[in-house]
Amino acid sequence: DFNLIVDPVRINQVVTNLVINAIKYTRDKNAITIKCTSDKKKENFIISVADKGKGIKESDLPYVFDRFFKSSDMEEIGTQGRGLGLALSKEIVEAHGGKITVKSNYGKGSMFTVTLPVYEEDY
């Protein structure tokens, strides 16, 4: 059991954005993995969304959470977007005291991870 203090609408917005992006960038209907777990000390709740899509170029990784950032790959694969989803997701997660990160292997896929602090009640 985990206790989180979150705005469920906003956290749903973050997870939905990550899943939609994974679907959008995954070729040939490859698997998308959504995993919920905790860290070893059970201090954080962790949500990860991984895909086996094209991945993100290493040169683009530092900018994926910037407002209005669009990779040049978006045009190549015919996807549309305003470059706001990941920036807003980052703002929402950070407002909850958490963090969002990305790991990517270009040509093989990406994994976005949201880490949210677990609420500890003192009795």
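Remember, predicted model here, so these are calculated numbers, not experimental data.

**Q** Could you give an account of the pattern of salt bridges, naming the residues involved and the relevant values?
**A** Any two side chains of opposite charge can pair, given that their charged atoms come close. Under the definition given, this model contains two salt bridges. We note a salt bridge from Glu-91 to Arg-67, for which the minimum N-O separation is 2.9 Å. On the criterion of sequence distance, the pair formed by Glu-91 in helix α3 (residues 85-95) and Arg-67 in the loop between β2 (44-51) and α2 (73-76) is long-range, its members being 24 residues apart. Residue classification places Glu-91 among the partly exposed positions, given a relative accessible area of 39%. Its relative accessible area of 43% is what places Arg-67 among the partly exposed residues. The residue Lys-90 makes a salt bridge to Glu-94 at a minimum N-O spacing of 3.9 Å. With Lys-90 and Glu-94 both in helix α3 and four residues apart, this pair spans about one turn of that helix. Lys-90 sits in the partly exposed class, given a relative accessible area of 30%.

**Q** Account for the confidence of the model for the protein, with residues named and values stated.
**A** Per-residue pLDDT for the protein averages 88, and the proportion of residues at 70 or more is 88%. Within the protein, no element has a lower average pLDDT than α2, which sits at 56, and none a higher one than strand β3 (residues 99-105), at 97.

**Q** Summarise the packing of aromatic side chains; cite the residues concerned and give the values.
**A** On inspection of all chains with the given rule, the structure shows two aromatic pairs. Taken together, a centroid distance of 5.9 Å and an interplanar angle of 35° make the contact between Tyr-63 and Phe-69 tilted. Using a relative accessible area of 24% as the deciding quantity, one classes Phe-69 as partly exposed.

**Q** Let's hear about the sheet that holds β3: which residues, and what values?
**A** In space, the four strands of this open sheet follow the order β1-β2-β4-β3, with antiparallel pairing throughout. One side of each edge strand has no neighbouring strand; the edge strands of this open sheet are β1 (32-38) and β3. On average, each strand axis in the sheet is tilted by 15° relative to the strand beside it, whichever way the strands run. The pairing of β1 with β2 spans seven bridges and is classified as antiparallel. When the bridges of β2 are listed, Lys-35 appears paired with Ser-48. Each of β1, β2, β3 and β4 (109-117) touches helix α1 (residues 8-25); the most contacted strand, β2, lies at about 20° to it.

Definitions and limits used
- Per chain, the residues get numbers from 1 upward, laid out in the order the sequence is written.
- Residues qualify for local features only when their pLDDT is at least 70, as the model is predicted, and side-chain atom pairs are given and counted only at 80 or more; totals for whole chains, interfaces and linings, by contrast, use all residues.
- In computing side-chain values, all of the structure's heavy atoms are included and hydrogens and water are not.
- Salt bridges are counted wherever a side-chain nitrogen of Lys or Arg sits within 4 Å of a carboxyl oxygen of Asp or Glu.
- Numbering goes from the N terminus for both helices and strands, where a helix is a DSSP run of H or I of at least four residues and a strand is a run of E of at least two.
- We call a residue buried when its accessible area falls under 20% of the maximum for its residue type, exposed when it is over 50%, and partly exposed in between, using a 1.4 Å probe and counting protein chains only.
- The predictor reports its confidence for every residue as pLDDT, a score running from 0 up to 100.
- Aromatic pairing here means that ring centres of Phe, Tyr or Trp (its six-membered ring) are within 6.5 Å. Orientation follows from the plane angle: under 30 degrees is stacked, over 60 is edge-to-face, and everything else is tilted.
- For two strands to pair, DSSP has to find at least two bridges joining them.
- Every angle, taken between N-to-C directions, lies between 0 and 180 degrees, and every axis is a line fitted to C-alpha atoms, over only the stretch in contact when it is a helix.
- Any pair of residues with heavy atoms lying within 4.5 Å of one another is described as a contacting pair.

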